[in-house]
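Each chain, written out:
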Amino acid sequence: MTTSATPDFYALDDLFTDEQKLIRQTVRDFVQREIAPDIDDYAQRAEFPRHLVKRFGEIGLFGPTIPPEYGGGGLDALAYGLMCQEIERGDSGLRSVVSVQSSLVMWPIFAYGSEEQKKKWLPKLASGEALGCFGLTEPDYGSNPGGMKTHFHDAGDHVVLNGSKLWITNSPLADVAVVWAKNEAGKIRGLLVERGMEGFSTPEIHRKWSLRASTTGELVFENVKIPKENVLPGVEGLRGPLGCLDQARFGIAWGAVGAAIDCYETARRYTAERIQFDRPLASFQLIQKKMAEMLTAITQAQLVCWRLGTLKNEGKATTAQISMAKRANVAMALEVAREARQILGGMGISGDFPIMRHLMNLESVVTYEGTHDIHLLILGAEITGIQAFK
Ligand SMILES: Cc1cc2nc3c(=O)[nH]c(=O)nc-3n(C[C@H](O)[C@H](O)[C@H](O)COP(=O)(O)OP(=O)(O)OC[C@H]3O[C@@H](n4cnc5c(N)ncnc54)[C@H](O)[C@@H]3O)c2cc1C
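Residues numbered from 1 in each chain as written. Predicted model: local features only at pLDDT ≥ 70, side-chain atom pairs only at ≥ 80, totals over all residues. Heavy atoms only, no water.

Some words on the site of the ligand
Next up, step 1: Thr137, Ser143, Trp167, Thr169 and Thr371 are the nearest of the 18 residues found near the ligand.
Next up, step 2: For the ligand, a nitrogen atom lies 2.9 Å from a polar atom in the backbone of Phe134.
Next up, step 3: One of the backbone nitrogen or oxygen atoms of Phe389 is found 3.3 Å away from a nitrogen atom of the ligand.
Next up, step 4: Its free accessible area being 980 Å², the ligand has 67% of it covered by the protein chains. (Near = heavy atom within 4 Å. Polar contact = N/O pair within 3.5 Å; in protein donor to acceptor, adjacent residues only side chain to side chain. Areas by Shrake-Rupley, 256 points an atom, 1.4 Å probe, with all protein chains shown as cover.)

Here's what the structure looks like:
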């Protein structure tokens with residue numbers, strides 16, 4: 001049960017263009033119509049609503065900032081952010097699917113790929129005909145991806161890839177994986193690994209309590225022969241995957257606001273209707289305190305998103321600024337979700353309301369794409385000039 005209302009306490013709508021607001025409304029309506037009614041059932045069954053991949057493509061959620069000549073939307077960063085916000089009002093797992101496809105698969109192919117790679121993959125990924133995934137994390141290398149063991153060697157007209165990746169969103173269903181691996185010289189390169197290549201498998205991870213409506217899995221490479229034309233020519237080193245993460249983290253900072261808004265609006269409506277001690281919950285000071293703090297936190301996060309989006313449009317958003325926004329907004333959303341869950345009392349844990357699902361989802365969002373503490377240390381390095389995480 002979601003709501004279409006949105007707090008706009010500082011009149012940020014004055015700062016968005018009509019086109020951006022129209023895009024936001026379109027995605028919001030889509031979420032209300034096609035996600036909200038049964039997302040809880042999918043999450044309870046731990047099932048990804050796969051039919052949505054095609055629908056996401058149809059409404060332009062995949063690659064909105066990629067130029068139209070490759071099937072993208074040619075939109076700006078604020079429009080992309082608003083899309084992430086609205087999708088995550090529905091579910092963080094579904095926003096994860098959008099982030100991975102747009103920022104971690106289409107973006108690196110667009111930014112680092114050859115013309116042939118772009119023409120082959122981007123239109124199919126934009127339309128939802130193909131689904132992609134992004135393989136960086138390994139069983140022994142999460143926060144420290146530079147230590148990765150997955151590697152490939154030159155074998156004439158192809159390379160041979162060995163290793164494995166863990167915790168990969170979309171992997172069990174993906175048609176193509178953007179995989180980061182080391183060459184013989186120990187340099188990190190990006191490879192496009194296609195479903196069906198011999199020696200490539202994508203086992204699913206089960207028993208998750210979080211992001212249950214999106215699929216997560218492994219990528220396993222056993223002597224996979226990959227044509228050389230599948231190596232991304234445009235980048236070498238850790239800056240390749242980190243460049244993608246900047247794109248995705250930007251969307252997460254916005255998405256978290258969407259999850260928080262859904263929790264806040266659910267609590268606001270519930271407190272108006274729920275009577276205890278002969279009065280609506282909304283009339284008690286402690287409830288009003290919680291609501292006021294939630295609105296303040298959401299408003300601050302909205303302002304950060306807007307400013308970060310305008311900086312990004314000007315090509316000026318830095319990695320550290322994106323880290324701050326991702327970290328602060330996800331922490332904010334978790335706090336709002338926890339408060340909202342308490343406000344609903346016992347009902348707060350019920351699937352009849354979206355709050356517990358958001359809360360559990362956000363426990364992944366606070367960890368993936370750089371953990372809460374790693375982003376803190378990125379900011380610490382920015383302040384002091386000293387990297388404390390190495
Ligand atoms: C549902 C889900 C989906 C995901 N999807 C993807 C995906 O699509 N692609 C992908 O590549 N990865 C994905 N990930 C992986 C995710 O990015 C990693 O889980 C994350 O980077 C953390 O790595 P780790 O789990 O190995 O934790 P670790 O790196 O082992 O960290 C464990 C704890 O130690 C802390 N820590 C680590 N190093 C330091 C340090 N130097 N100083 C202080 N504290 C430290 C961390 O902050 C954390 O709290 C996903 C994860 C989840 C849960």
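Quick notes on a nonpolar patch on the surface
Next up, step 1: A surface patch of nonpolar side chains, amounting to about 350 Å² of accessible area, comprises Phe9, Tyr10 and Leu303.
Next up, step 2: Of note, Phe9 is situated in the segment before α1 (18-35). (Patch = residues over 30% accessible without salt bridge, like charges linked within 9 Å, V, L, I, M, F, W, Y side chains within 5 Å. Salt bridge = Lys/Arg side-chain N within 4 Å of Asp/Glu carboxyl O. Helix = DSSP H or I, 4+ residues; strand = E, 2+ residues; numbered from the N terminus.)

Thoughts on the environment of Val193
Next up, step 1: By secondary structure assignment, the location of Val193 is in strand β5 (residues 188-194).
Next up, step 2: Residue classification places Val193 among the buried residues on the basis of a relative accessible area of 0%.
Next up, step 3: The spatial distance from the C-alpha of Val193 to the C-alpha of Gly370 is 24 Å, given a sequence separation of 177 residues. (Buried < 20%, exposed > 50% of the residue type's maximum accessible area, 1.4 Å probe, protein only.)

As for the side chain of Lys182
Next up, step 1: Tracing the backbone through its elements, the reader meets Lys182 in strand β4 (residues 176-182).
Next up, step 2: At 3.3 Å, the side chain of Lys182 and the backbone oxygen of Met148 are in polar contact.
Next up, step 3: Apart from residues no more than four positions distant in its own chain, Lys182 is found in contact with Gly146, Gly147, Met148, Thr150, His151, Phe152, Lys187 and Ile188. (Contact = heavy atoms within 4.5 Å.)

Digging into helix α4 (residues 77-90)
Next up, step 1: Relative to the 20 Å expected for 14 residues at 1.5 Å per residue, α4 spans 20 Å between its end C-alpha atoms, a close match to the ideal helical length.
Next up, step 2: Most of α4 sits inside the fold, with 14 of its 14 residues counted as buried. (Expected span 1.5 Å × (residues − 1).)

As for the pattern of salt bridges
Next up, step 1: Scanning all chains against the criterion turns up 19 salt bridges.
Next up, step 2: Of the charged contacts, one joins Glu34 and Arg55 as a salt bridge, the two residues approaching to 2.6 Å between their closest N and O atoms. Separated by 21 residues along the polypeptide, Glu34 in helix α1 and Arg55 in helix α3 (residues 52-58) bring together distant segments of the chain.
Next up, step 3: According to the relative accessible area criterion, Glu34 is partly exposed, its value standing at 22%.
Next up, step 4: Glu293 serves as the salt-bridge partner of Lys289, at 3.2 Å between the closest nitrogen and oxygen. Of this pair, Lys289 and Glu293 both sit in helix α8 (residues 285-313), separated by four residues, roughly a single helical turn.
Next up, step 5: Judged by relative accessible area, Lys289 falls into the partly exposed class, the value being 48%.

Focus: the packing of aromatic side chains
Next up, step 1: Applying the stated criterion across every chain yields a total of 13 aromatic pairs.
Next up, step 2: Chaining the aromatic ring pairs together yields one cluster made of Phe16, Tyr80, Phe250 and Trp254.
Next up, step 3: When the ring centre of Tyr42 is taken as reference, the NZ or CZ atom of Arg45 above it lies at 4.9 Å.
Next up, step 4: Looking at Lys312, its charged tip hangs above the ring of Phe250, at a distance of 5.5 Å from the centre. (Phe/Tyr/Trp six-rings, centres within 6.5 Å; stacked < 30°, edge-to-face > 60°. Lys NZ or Arg CZ within 6 Å of the ring centre and 35° of its normal.)

Details of helix α7 (residues 239-273)
Next up, step 1: The end-to-end C-alpha distance of α7, which contains 35 residues, comes to 51 Å, matching closely the 51 Å that a straight helix rising 1.5 Å per residue would cover.
Next up, step 2: Extensive coverage of α7 is indicated by the burial of 29 of its 35 residues.

Side note on the pairing of β4
Two faces belong to every sheet, and in a regular strand the side chains alternate between them.
Next up, step 1: The buried count for β4 comes to seven of seven residues, which makes it a mostly enclosed element.
Next up, step 2: A two-sided burial pattern is seen for β4, the buried positions comprising Val176, Val178, Trp180 and Lys182 on one face and Ala177, Val179 and Ala181 on the other.
Next up, step 3: In this sheet, β5 lies alongside β4 in antiparallel orientation, the contact comprising seven bridges. Among the inter-strand pairings, Ala181 is bridged to a residue of β5, identified as Arg189. (Pairing = 2+ DSSP bridges.)

A few points about unusual backbone geometry
Next up, step 1: Of note in this structure, Asn223 is not a glycine but carries a positive phi near 50°.
Next up, step 2: Within the secondary structure, Asn223 is located in strand β7 (residues 216-227).
Next up, step 3: Even without being a glycine, Phe277 presents a positive backbone phi close to 50°.
Next up, step 4: Note on placement: Phe277 falls in the loop between β8 (275-276) and β9 (279-280).
Next up, step 5: Since its relative accessible area comes to 72%, Phe277 is described here as exposed.

Brief notes about the nonpolar core
Next up, step 1: One finds Ile35, Phe56, Ile87 and Trp180 to be the most contacted residues of the largest nonpolar core, which totals 51 residues.
Next up, step 2: Considering every element that reaches this core, the biggest residue donor is helix α5 (residues 92-112), with 10 residues.
Next up, step 3: For Phe56, the contacting residues outside a window of four places in its chain are Phe30, Ile35, Leu61, Phe62, Ile87, Leu94 and Val98.
Next up, step 4: Counting residues in each nonpolar core, the second largest holds 49 residues, with Ala77, Ala267, Leu344 and Leu362 among its members. (Core = buried A, V, L, I, M, F, W, Y, C linked by side-chain atoms within 4.5 Å.)

Brief notes about the packing of α4 against α5
Next up, step 1: The N-to-C vectors of α4 and α5 enclose an angle of 150°; their axes lie 7 Å apart at closest approach. In terms of axis orientation, α4 runs roughly antiparallel to α5. Between α4 and α5, the residues in contact are Tyr80, Cys84, Ile87 and Glu88 and Ser92, Leu94, Arg95, Val98, Ser99, Ser102 and Ser103, respectively.
Next up, step 2: Class assignment for the residues of the contact of α4 with α5 results in five nonpolar, four polar and two charged. (Axes fitted to C-alpha atoms, helices over the stretch in contact; angles between N-to-C directions. Parallel < 35°, antiparallel > 145°, perpendicular 65-115°, else oblique. Nonpolar A, V, L, I, M, F, W, Y, C, P; charged D, E, K, R; others polar.)

The quantities given are spatial measurements derived from coordinates; they are silent on function.
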